[in-house]
Every structure is written in structure tokens, then in C-alpha cells.
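Below, each chain spelled out in residue letters.
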Amino acid sequence: MQIPVATIPTTPVEVRDSRPDERPWGVLPRSSTRCVTVGGVPVGGGAPVAVQSMCDTDTRDVAKTVAQIHDMQEAGCEIVRVAVPDKAAGEAIAKIRPQIGIPLVADIHFDWRLAILAAEKGADKLRINPGNIGGRQRIAEVVACAKDRVLPIRVGVNQGSIEKDLLDKYGGNNPDSLVESALRNVAILEEHGFQDIILSLKSSNPGEAIAAYRSVSQKCQYPLHLGVTEAGPEKTGTLKSAVAMGTLLAEGIGDTIRVSLTGSKTAEIEAAYGILQALGLRRRSPELVSCPSCGRIEIDLMSLVDEVQQTLKQLKTPLKVAVMGCVVNGPGEARDADWGIFGGKGVYLLTRKGELVERFTDREAAQKALTSALMESEANAQSTSVALTAVS
Ligand code: SF4
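Here is what the cut-offs are and how they apply
Residues numbered from 1 in each chain as written. Predicted model: local features only at pLDDT ≥ 70, side-chain atom pairs only at ≥ 80, totals over all residues. Pairing = 2+ DSSP bridges. Helix = DSSP H or I, 4+ residues; strand = E, 2+ residues; numbered from the N terminus. Axes fitted to C-alpha atoms, helices over the stretch in contact; angles between N-to-C directions. Contact = placed C-beta atoms within 7 Å. Domains from an automatic or database assignment. Core = buried A, V, L, I, M, F, W, Y, C linked by C-beta atoms within 7 Å. Buried ≥ 20, exposed ≤ 12 C-beta atoms within 10 Å, placed from the backbone. Expected span 1.5 Å × (residues − 1).

Colleague: Teacher, can you tell me more about the sheet that holds strand E3 (residues 50–54) here?
Modeller: Within a sheet, adjacent strands bond to each other through the backbone by hydrogen bonds, running parallel or antiparallel. The strand order across the open sheet built from eight strands is E8-E7-E6-E5-E4-E3-E10-E9, with neighbouring strands paired in parallel fashion. Two strands in the sheet have a free side with no partner beyond their single neighbour: strand E8 (197–202) and strand E9 (225–226). Sheet topology places strand E6 (residues 125–128) next to strand E7 (residues 153–158); three bridges connect them, and they run parallel. Within E7, the position partnered with Leu-126 by the bridge is Ile-153.

Dropping the structure here:
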């Protein structure tokens, strides 16, 4: 086996922040959409695909809601939404907003007065369906308020909000009725001269969501908020979301995403970044590449993977680390990893960017060397990041 030999690096590893990295393979250029700014976060117009989520706390419970948003922010959430079912929830926004560091979206159903209240109390965006918020005069008042405060509005249609005449026209819930409902709601805002619009068309069926978003992306240039609604518990919900959002994002469709899971909010955010990272659209955390193992395996790969995974949980730098079960095929299969560890009978290889750094006969020593290399990479990346921030 010929592996080029490298020395342990003394220069910092390349810092890849959470923005898009190099041109991702297999991903079509992003569809051209308007750029709409949500509390300082650009959505659309080629901006990085923003990750968002929604609190499941009672918005009136300010302390709990703020605590949950802090956890979500720590996990990487860039825009957060809260439900505003009544006046007290709208009032609570005035106390929540100053305590959080990310834009807040007020989710309102039916009551135009709550939309105005949420805007007045500091919301950065409103999520409504103009068709069910009130008559023309009431919509005009909501739009005037959003214009005054330079707030965007998300028109969020879903299977449950499609108007009866469209259900009759298209024979029920389907991509065609979703799309026409979305465009009808958009037209209501446009009639009032409002264009700071973000659009979502959510379905619980991934195929239907794909068809609806594909269709609407051909019909308007508003930025699209992707989501599969009622996706289910963590495992199945993540799979459904990955299928729908992964397909659309690979086609260049989608400007912000929310994974909806019956489960923890941080799991939603991790899943969202997982989808973006798998496509090379965002890199935020370390990535572990490991082989499925096969009849050539000569080591306990599972325990090695577990141990490396524990180390990676302590890191923030988006390093790519490979753990492979043999020294014959492993190095070639994981050539593009920042660091790699490959085990065989009586030998362990540590590599960096496909080049051999050191050969070990002892697994523990190899693992320790990898851990200290990763920790050093993390420290270097963090200090470079601090230096970059200082000069920017
Ligand atoms: Fe099999 Fe080696 Fe490939 Fe793992 S790296 S799947 S052990 S050939």
C-alpha cells in the first residue's frame, strides 16, 4: 500500500464556517429569488439556506420560552417562531424579544389584531394566511403595520388551510390546490403593494411537498420556506424531511428550512443541518465518515466509531473525520477526510487529507493521537476564527 507521508501540521486547518462551502457536487444552482431580510437574517437572493424552528412552549410563559430559544440558538437555529394564539401571547413578545439573539416570528391564525399586536411588540416577521385573517380592510391594516416596521410576512399554506372552492376545483388536497391557494394568498398581499413575502406550502406527504414547491418555484420569485408538516417522530420525520428537502435543495429550490419533528427542538435543528451538510450547502459541525464494514474487517469498528464520535461531540469545527475498518481500501475510500483512522490486524494508520501521518501497532495510541490532533485542529480553528473576527 502506498500512502504519501505527511508531517503533523503546524499550520491551522482551513476554517470552514457555517456558510456554503465550495460549489457542492450534484446541487443545481439556486433558483433566483428575492432577498427578504428577517431581523437581519437574509432569506433568498442566494443567501445561505437559513435554519429555523418553532418553540413548543406556551408563549405566555416568558422564562420557559426564552430558555428554549437559548437552547435552539446554541444548536444553530437562526430564526425562531412562536405561536400567538391570544393577546397575552402577543404581549409576551415584548419581554421575549430583548432576551434572545435571533429573529422572532409570530405565528398567527385568523385574528388580524394579534398580527398587529405581535408586530408592535417586536416580532421580526409575521406568519399568517391573508385569506383567513379578516376582510380587505383588516388585511390592509396588517400590511400597513408590516410596512411601517419593515417586517416581512410568511404566507404559510398547508393541507388544512386550502380553501373549499380550490378543494372542489382540484378534487381535494394535492399539489395543484396547495399552489393555487398559496398564489391566491400572495395576490392578496400584492394587491396591497406588499412584496416582502416568504412562502411555504407544507404537506405531510414528501412527494406532494416536492411537487408543490417545484411548481410554485416556477410561478413566482418569492423566497421559499421548505418544510414537511406533521412529519412524525425523530427517525421517520427526519427521513421524510430529508427526502423532500434534500430533493428540492439539490434542485436549487428552497431558501430556508424547518424540520418539524415530534420531539426535541434541538433534534429538529440538528436534522436541518444534517440535510444541508449532506448536500454540502452548509457546514456547521464535524462529520464522521465510517465504513459499513464487510468480510475484510479485522478490528472492532463499532467501538472505535463510538469513541471517535464521543470526541467529535466536543468539537464545533466542521472537520471531516473517517474511521475505516481496514488499511487496504479504507485510506483510498476516505481520501478527502481531514483526518482518518484505519485499523487492520496489528496496525493502525492515522492520516490527514489522505496522507499518512503516523503508523501505530497499538489501537489506544492511535486513538489518542487522533484525539489530540482533533483537539489541536479545533483550537487552531477557533483561534483563527477569533483573529478573523477581530480584523473584519
Ligand atoms: Fe470493508 Fe475495508 Fe471497505 Fe470497511 S473499508 S467496508 S472493512 S473494505
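Colleague: Would you explain the sheet that holds strand E11 (residues 287–290) in this entry?
Modeller: The five strands lie next to each other as E11-E12-E13-E14-E15, forming an open sheet whose pairing is mixed. The open sheet has two free edges, formed respectively by E11 and strand E15 (355–360), since each of these has just one partner strand. Each adjacent strand pair in this sheet contributes to an overall mean axis angle of 15°, direction not counted. Across five bridges, the pairing between strand E14 (residues 347–352) and E15 is antiparallel. Considered in E15, the bridge of Tyr-348 is made with Phe-360. Against the sheet, helix H10 (residues 301–312) touches E11, strand E12 (320–324) and strand E13 (339–344), its axis set at about 165° to E12.

Colleague: Even after reading the chapter, I still don't get the domain arrangement of the chain, so can you show me in this structure?
Modeller: Interface size is commonly expressed as the accessible surface area that is lost when the partners come together. Domain annotation for the chain reports domain 1 (36–278) and domain 2 (287–391). The centre of domain 1, based on its C-alpha atoms, is set 39 Å off from the matching centre of domain 2.

Colleague: Before we go on, may I ask you to explain the nonpolar core in this structure?
Modeller: Side chains of nonpolar character tend, in soluble globular proteins, to be buried together. Counting residues in hydrophobic clusters, the biggest one holds 79 residues, and the most contacted among them are Val-80, Ala-115, Ala-118, Leu-126, Leu-199 and Tyr-213. Apart from residues no more than four positions distant in its own chain, Leu-199 is found in contact with Val-155, Ala-182, Val-186, Val-216, Tyr-222, Leu-224 and His-225. Among the nonpolar cores identified, the runner-up in size contains 23 residues, and Val-321, Met-324, Ile-341 and Leu-374 belong to it.

Colleague: Mind showing me how you'd approach helix H3 (residues 112–120) here?
Modeller: Quick reminder: α-helices carry 3.6 residues per turn. Residues three or four places apart thus point the same way. Those residues of H3 lying buried are Trp-112, Leu-114, Ala-115, Leu-117, Ala-118 and Ala-119. Packing partners of the buried residues in H3 comprise helix H2 (87–96), strand E5 (104–107), E6 and helix H4 (136–148). Once H3 finishes, Gly-122 follows within two positions and takes phi at roughly 115°, a positive value.

Colleague: Explain helix H9 (residues 265–278) here, please?
Modeller: When the terminal C-alpha atoms of H9 are compared, their 20 Å separation across 14 residues agrees well with the 20 Å that a helix rising 1.5 Å per residue should span. All of the buried residues in H9 are Lys-265, Glu-268, Ile-269, Ala-271, Ala-272, Tyr-273, Ile-275 and Leu-276. At its buried positions, H9 is contacted by E3, helix H1 (62–75), helix H8 (234–250) and strand E10 (256–257). Two residues or fewer past H9, Gly-280 is found with a positive phi of approximately 75°.

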